[in-house]
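# Remarks on the overall topology
Chain by chain, the residues:
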Amino acid sequence: MSIRKYLLVLATSVSTVLAQSQTWCGKNYMANQTVVPPGGQFVLPQKSYDPLFAFRCAPGFRPYLEQDAKTAVFVVDTRIVYDWINGTSPITLSSNNTNSTSPSDAGNVTVSIKLNGAHTTLSVPMNATGFQIPLDLSNVTAQQTPYEVDCVAFYGTGKAQNYSARASLLYLPDTNNSVTKTDLRTGSLWVRPVNNPTSGFRPFVPQGFYVSFDQYLAKNLSLIDQLKADGFNTIHPIPPYDNATIFEQVLNRTIELGLYIIFDMRSNYQNLTAVTSLVNTYKSLPNLLTWETAHEPDGSSDPLNATKAVYDLIYQLDGYHPVSIVLNCEDYNFSPYVEGADIVLEDAYPIGINATYSTVWNTSCTPDFGHCGCDNCKGGLIDIKARVQTYKDRLDILGYSRTKSVWTTPQAFGSGAYWNTTPTGEQWAAIGLISFNHGAMGSISYQYPTTTGNVTTIEGTATNLTGIITETIQPFLGNPRATFSVYNYYGVDAGLWYNGTMYLLLVANTVNEQVIVPWSAVGLGHLTNETAQVQRIFSVAQNANSSSLNFKPGGIGIYTATP
């Protein structure tokens, strides 16, 4: 099948799936339907004129293993905020500090962490983020059931103000089977090499593709080899996996190549008996990365408790691998669905859509009606920035900033149904860079095979970019000591990391015009010799000189810099 024909078939199949639901994201979308507001909108927190204490406490990793007993830490946030986000309480700051949010001005808070067999107390600066407190787990028994942890903060002298935070510790027996840890200090995953489980864990940024099992993998196993040759480290087979013999061949080939696999249970995640069988069968896979349960449950309006029910079951059966879901809607029942996930993937596909009129259903698209292929989108890269950042912000508001992370699903299809074009390699790369800038910790594109040929195609771009993400970007994303800032300059999105010795700068122009960005606008104005201190790692339609970064429409760049 030619790639053009493949993309058309894919886009048409997406339309067919949508047609099976009478609403999408809670909205009517067909011409014979009336406008009915969908409801289910996320409620933003109220503002506070007085300071609030947002005390959060979590283990450094989920899970910890017995081998980690002497190196375990808890990570604590002692933020002063002015929004009633989940878990906040009023606080009376020390005298002369009523309007201060500076740790040096607000003093310290005494934090006590206690569970069965372990206890520690430490003084922590007020308004700290990511403060690590060692906790020896040698006297704690490893078990399948998480431990409830008492985290208490005491602030002030005399009659101290007391605050508590809910936390749980998953402390599991050692195993030589696959284990995927989540670093709750950063949100990144830590894994051991597929074919060397006795070696140490290391930070890991998943880069991969969805690949249809029945349409492609069952007919052509060489696609797995091609995905590996393109530099990707993760594969997500799309179910159903009806041919057990060929599915085993797929699994064996991914293991041989050292690719991690995401096991997808979208077809039957609400059937807990089926899930039990699948988890018990495949939880020992040496390359299992994550379980994925619900795929776009917000789009099809699945039962609101469905994701949480299967999430709890999986942790009873396994616990060594995180659980992910994919959300498609911009704002429809976000809160109940994310209850059932450690990882929330967004899959906004804005490239090539008509954002206001559906060419599939011949109806308009508004916040209350219609489906144009990307929910409440404008039709450009700005939608990726908005969607990833919005999901991150909501998780923080709900109190999950430590315990749940966001991944992105870059669009790698089009030319049919809602989408009149397929993203270029440059646009596909921009989606990934923008997502990293706004907190995404993994990238699984939809879907493979994609456009191929010269360097302007998605596959042509990937062969250059995947290695750079692994070698240059991943060490910053997985570094809990690295600081991070995000900037916007006339539509140019920029993320700047600093690990103490080097800067990483990711930039993408989200607007269809040329933009010249001074170094000071992306946090590097203090450099004295940009030509010598800044190194270009990768760029398309973008260059730099001693005074600025220069962008053509859609231009992207990756740079490192030394202080």
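Just so you know, these numbers come straight off a predicted model, no measurement behind them.

### Brief notes about the side chain of Thr 472
Turning to its location among the elements, Thr 472 is positioned in helix H12 (residues 458–477). When residues no more than four places from it in sequence are discounted, the contact partners of Thr 472 are Leu 504, Ile 537 and Thr 560.

### Considerations on the sheet that holds strand S10 (residues 161–169)
Pairing is antiparallel across the open sheet formed by 4 strands, whose spatial order is S7-S6-S9-S10. Here the strands that pair on one side only, and so sit at the sheet edges, are strand S7 (118–125) and S10. Strand-to-strand, the axes of this sheet are offset by a mean angle of 20°, without reference to chain direction. Bridge analysis of strand S6 (residues 108–115) against S7 gives 8 bridges, and the strand direction is antiparallel. By the bridge assignment for S7, Thr 110 is matched with Ser 123.

### Section: the packing of aromatic side chains
Counting across every chain of the model gives 31 aromatic pairs. Arranged with centres 6.5 Å apart and planes meeting at 15°, the rings of Phe 209 and Trp 428 form a pair that is stacked. Residue Phe 209 is located in strand S15 (residues 207–212), and its partner Trp 428 is located in helix H11 (residues 425–437); the two are separated by 219 residues in the primary sequence. For the pair Phe 209 and Trp 428, one class covers both residues: buried. By way of ring pairs, the aromatic residues Tyr 210, Tyr 349, Phe 413, Tyr 418, Trp 419 and Tyr 446 are connected into one cluster. Here Lys 181 stacks its cationic end above the ring of Phe 61, 5.6 Å away from the centre of that ring.

### Side note on the confidence of the model for the protein
One rule of thumb: low pLDDT means the predicted coordinates there are not for detailed reading. Per-residue pLDDT for the protein averages 94, and the proportion of residues at 70 or more is 94%. Note on residues 1–19: pLDDT under 50 across the span, and 37 contacts to partners over four residues away in sequence or across chains.

### Concerning the sheet that holds strand S5 (residues 88–90)
The 4 strands are arranged S5-S1-S4-S8 in an open sheet whose pairing can be described as antiparallel. This sheet does not close on itself; its edge strands, each paired only once, are S5 and strand S8 (131–134). Neighbour-to-neighbour, the strand axes of this sheet turn through a mean angle of 30°, independent of strand direction. Where strand S1 (residues 47–59) lies against strand S4 (residues 73–83), 9 bridges are found, and the strand directions are antiparallel. Paired with Leu 52 across the bridge in S4 is Val 81.

### Some details on the pattern of salt bridges
Taken as a whole and judged by the stated rule, the model has 16 salt bridges. A salt bridge links Asp 83 to Lys 47; the shortest N-O distance between them is 3.0 Å. Taken together, the residues span a long stretch of sequence, with Asp 83 in strand S4 and Lys 47 in strand S1 at a distance of 36 residues. Asp 83 gets classed as partly exposed once you look at its relative accessible area, which sits at 23%. Classification of Lys 47 as exposed rests on a relative accessible area of 66%. Linking Arg 402 and Asp 77 is a salt bridge whose minimum nitrogen-to-oxygen distance equals 2.8 Å. Taken as a pair, Arg 402 in the loop between helix H10 (382–397) and strand S23 (405–408) and Asp 77 in strand S4 lie far apart in primary sequence, 325 residues in all. The class for Arg 402 is buried, based on a relative accessible area of 13%. According to the relative accessible area criterion, Asp 77 is buried, its value standing at 2%. What you see here is one network of salt bridges that share partners, running through Arg 56, Arg 79 and Asp 396.

### Thoughts on the nonpolar core
Where a protein is soluble and globular, its nonpolar side chains tend to be buried together. Ile 113 and Leu 137 are the most contacted members of the largest nonpolar core, which totals 159 residues. Considering each element in turn, this core owes the most residues, 8 residues, to H12. Excluding residues that lie within four positions of it along the chain, Leu 137 makes contacts with Tyr 64, Ala 69, Ala 72, Ala 118, Leu 169 and Tyr 171. Of all hydrophobic cores here, the second largest spans 18 residues; its members include Val 492, Val 522, Leu 524 and Leu 527.

### With respect to H11
Its 13 residues give H11 an end-to-end C-alpha distance of 19 Å, which sits within 8% of 18 Å, the value for a rise of 1.5 Å per residue. Turning to H11, its buried residues number three or more, namely Gly 425, Glu 426, Trp 428, Ala 429, Ala 430, Ile 431, Gly 432, Leu 433, Ile 434, Ser 435, Phe 436 and Asn 437. Of the residues trailing H11, Gly 439 is marked for its positive phi of about 110°.

### Digging into unusual backbone geometry
Of note, the bond from Pro 239 into Pro 240 is cis; its omega dihedral lies within 30 degrees of zero at 10°. Gln 447 follows Tyr 446 through a cis peptide bond whose omega is -20°. Inspection of the secondary structure assignment puts Gln 447 in strand S24 (residues 440–448). For Ala 417, which is not glycine, the phi dihedral falls at a positive 55°. Note that Ala 417 resides in the loop between S23 and H11. For Ala 417, a relative accessible area of 28% puts it in the partly exposed group. A positive phi angle is found at Ala 541, which is not glycine, with a value near 55°. Mapped onto the fold, Ala 541 is located in strand S29 (residues 534–544).

### Concerning the environment of Leu 172
Within the secondary structure, Leu 172 sits in strand S11 (residues 171–172). Exposure remark for Leu 172: the relative accessible area of 0% places this residue in the buried category. Placed 186 residues apart in sequence, Leu 172 and Ser 358 show a C-alpha to C-alpha distance of 50 Å. Excluding residues that lie within four positions of it along the chain, Leu 172 makes contacts with Pro 63, Tyr 64, Leu 65, Glu 66, Ala 142, Gln 143, Gln 144, Gly 319 and Tyr 320.

### Here we look at the environment of Val 275
With respect to the helices, strands and loops of the structure, Val 275 is situated in helix H6 (residues 272–282). Taking the C-alpha atoms as reference, Val 275 lies 32 Å from Gln 389; in sequence the two are 114 residues apart. If we skip the residues at most four places from it in the chain, Val 275 touches Met 265, Asn 268, Tyr 269, Val 310, Leu 313 and Ile 314.

### Some remarks on the pairing of strand S9 (residues 147–155)
Residues Tyr 147, Val 149, Cys 151, Ala 153 and Tyr 155 point to one face of S9 and are all buried, whereas Glu 148, Asp 150, Val 152 and Phe 154, pointing to the other face, are not buried. Looking at chain direction, S6 and S9 are connected through 6 bridges and run antiparallel. Bridging from a neighbouring strand, Thr 110 pairs with Phe 154 of S9.

What counts as what
- Residues numbered from 1 in each chain as written.
- Predicted model: local features only at pLDDT ≥ 70, side-chain atom pairs only at ≥ 80, totals over all residues.
- Heavy atoms only, no water.
- Helix = DSSP H or I, 4+ residues; strand = E, 2+ residues; numbered from the N terminus.
- Contact = heavy atoms within 4.5 Å.
- Pairing = 2+ DSSP bridges.
- Axes fitted to C-alpha atoms, helices over the stretch in contact; angles between N-to-C directions.
- Phe/Tyr/Trp six-rings, centres within 6.5 Å; stacked < 30°, edge-to-face > 60°.
- Buried < 20%, exposed > 50% of the residue type's maximum accessible area, 1.4 Å probe, protein only.
- Lys NZ or Arg CZ within 6 Å of the ring centre and 35° of its normal.
- pLDDT = per-residue confidence, 0-100.
- Salt bridge = Lys/Arg side-chain N within 4 Å of Asp/Glu carboxyl O.
- Core = buried A, V, L, I, M, F, W, Y, C linked by side-chain atoms within 4.5 Å.
- Expected span 1.5 Å × (residues − 1).

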